[in-house]
Amino acid sequence: MSNTWFNRLLGRSGPTPRACAKERLLGVVIEDRSAIPASVLELVRLEIVEVVKKYLIIDEQAVDVKLEKDDDGTYALVSHVVSRGVRKKEGMPAL
Amino acid sequence: MSDDVRVIVITSGKGGVGKTTTTANVGMALAAQGEKVALMDADIGLRNLDLALGLENRIVYDVIDVVEGRARLKQALIRDKRMQNLAMLPAAQTRDKSAVSATQMKQVVEDLKAEGFTFILIDCPAGIEQGFKNATAGATEAIVVTNPEMASVRDADRIIGLLEAEGLRDPMLIVNRLRIKMVESQDMLSVGDVQEVLGNSVKLLGVVPDDNTIITSTNRGEPVALLKESIAGQAYRNVARRLLGEQVPFLDLGERDSLFGRIKKLFTSK
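Given the structure is predicted, the values throughout are model-derived calculations rather than measurements.

1. Comments concerning the environment of Tyr61 of chain B
Residues and elements named next belong to chain B. Relative to the elements of secondary structure, Tyr61 occurs in the loop between helix H2 (49-53) and helix H3 (63-67). Taking C-alpha positions, Tyr61 is 4.7 Å from Ala76, a pair spaced 15 residues apart along the chain. Ignoring sequence-local partners within four residues, the contact set of Tyr61 consists of Arg70, Ala71, Gln75, Ala76 and Pro90.

See the structure below:
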């Protein structure tokens, strides 16, 4: 146990069980409330990847889509995409 | 006059989080404050409130006998000998949750009001089916009990949504079985974490630490609210005082974040 504590002190063991629980709960609770299943979010994610990669160079695995609750109680679809640059012109569809 | 009566359902969604213990102890603590308290066991078929109160040997009639006209409400109510102004209406043990309808439940609540009680606490069955709907039918306020544990918090969130659909808005929250040391070592959800997940509509009513005296006193049929030295008992007495409108500070909850977390909070809090 003290070993775990020592690892944590050095930031070696990643998020704490408490932080994990909170993060996971916030995820499932928002899914339960919005009635938007995770499978639908995954389909949305895959399609976003398809669209964005036509224009930008991206790490497809790192594209992340999730729901966030806004202050007014509505749900925002938030996607995080890291771009490594613009695709060369010839790869791009005509504008 | 009877409009001043507080009718509170105690619910959780998930089973085993401490609804019945909460009902028994909050009831006891309210009665100790001089309130006239009726505790109704709405968990038809799985009667347990009698055990938590140590009244199991005194049951003659139950709520089904009252609803079906075999007994008058007064006959079925069991007065607590330790606390004269506390009474329990037992659930039936031989029937199931469909044996009482929502309409009949409302009628029982009305009849309890007419008996002059100032607080009526309804111990709700686990689950989200008909038994839940019946138990909530006669209530005007709700207490949601949760443990700082994932399945329990998730179910509490579902229950809060369902309570709102039943017109029971802004439920009160009791976080039960908190292990302060585990929160401090970042191994367990804190009360603040639970509140953050469940959202702002929920009002914190109490925090009950995990405490061995709950087990020993339940085994003896003596609710911990009666034990002066029990920390869980103190937590339940505090809940009763808050229900009566008093501002009572919460026990030390081990809420301390890591140093970084605290600094971050300074900059992000509104």
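2. Points about unusual backbone geometry
Although it is not a glycine, Ala35 of chain A adopts a positive phi angle of roughly 60°. Take Ala35 of chain A: its relative accessible area is 63%, and that puts it in the exposed class. Its identity is not glycine, yet Asp170 of chain B carries a phi of approximately 45°, on the positive side. Inspection of the secondary structure puts Asp170 of chain B in the loop between helix H7 (150-165) and strand S7 (172-178).

3. Looking at helix H9 (residues 191-198) of chain B
Since the α-helix advances by 3.6 residues per turn, residues separated by three or four positions end up pointing in the same direction. For H9 of chain B, the full list of buried residues reads Val191, Asp193, Val194, Val197 and Leu198 of chain B. Summarising the axial view, the buried residues of H9 of chain B lie within an arc of 160°, below the 170-degree limit, and thus occupy one face. Where the residues of H9 of chain B are buried, they touch helix H2 (17-34) of chain A together with strand S6 (141-146), H7, S7 and strand S8 (203-209) of chain B.

4. Quick word on the sheet that holds strand S1 (residues 6-11) of chain B
All names here are of chain B. One open sheet holds the 8 strands; their spatial order is S3-S4-S2-S5-S1-S6-S7-S8, and the pairing between them is mixed. With one partner strand each, in any of the chains shown, strand S3 (78-79) and S8 form the two edges of the open sheet. Both S3 and strand S4 (residues 86-89) contribute to a ladder of 2 bridges, which runs antiparallel. In the sheet register, Arg79 faces S4, and the bridge partner there is Ala87. Across the face of the sheet, helix H1 (residues 19-32) comes into contact with S1, strand S2 (37-41), S4, strand S5 (119-123), S6 and S7 while running at roughly 170° to S5. Relative to the sheet, helix H5 (residues 102-114) contacts S1, S2, S4 and S5, its axis offset from that of S2 by approximately 160°.

5. Topic: the interface of chain A and chain B
A common way to state how big an interface is: give the accessible area lost once the parts meet. Taken residue by residue, the interface counts 13 residues in chain A and 20 residues in chain B. Of the roughly 1600 Å² buried between chain A and chain B on both sides combined, carbon and sulfur atoms contribute 54%. Of all residues in chain A, the largest losses of buried area upon contact with chain B belong to Arg18, Lys22 and Leu25 of chain A, amounting jointly to 46% of the total for that side. Counting every contact that joins chain A to chain B gives 5 salt bridges. Residue Arg33 of chain A is joined to Asp157 of chain B by a salt bridge in which the shortest nitrogen-to-oxygen separation is 2.5 Å. Counting across the interface, chain A meets chain B through 8 residue pairs in polar contact (both at pLDDT 80 or more). The dominant element in the side of chain A that touches chain B, judged by the number of residues it contributes, is H2 of chain A, at 11 residues. In terms of residue class, the side of chain A that touches chain B is made up of 6 nonpolar, 1 polar and 6 charged.

Conventions adopted
Residues numbered from 1 in each chain as written. Chains lettered and ligands numbered in written order. Predicted model: local features only at pLDDT ≥ 70, side-chain atom pairs only at ≥ 80, totals over all residues. Heavy atoms only, no water. Helix = DSSP H or I, 4+ residues; strand = E, 2+ residues; numbered from the N terminus. Contact = heavy atoms within 4.5 Å. Buried < 20%, exposed > 50% of the residue type's maximum accessible area, 1.4 Å probe, protein only. Arc of directions from axis to C-beta. Pairing = 2+ DSSP bridges. Axes fitted to C-alpha atoms, helices over the stretch in contact; angles between N-to-C directions. Buried area = accessible area lost by both parts, 1.4 Å probe. Salt bridge = Lys/Arg side-chain N within 4 Å of Asp/Glu carboxyl O. Polar contact = N/O pair within 3.5 Å; in protein donor to acceptor, adjacent residues only side chain to side chain. Nonpolar A, V, L, I, M, F, W, Y, C, P; charged D, E, K, R; others polar.

Keep in mind that these numbers describe shape and distance, not what the molecule does.
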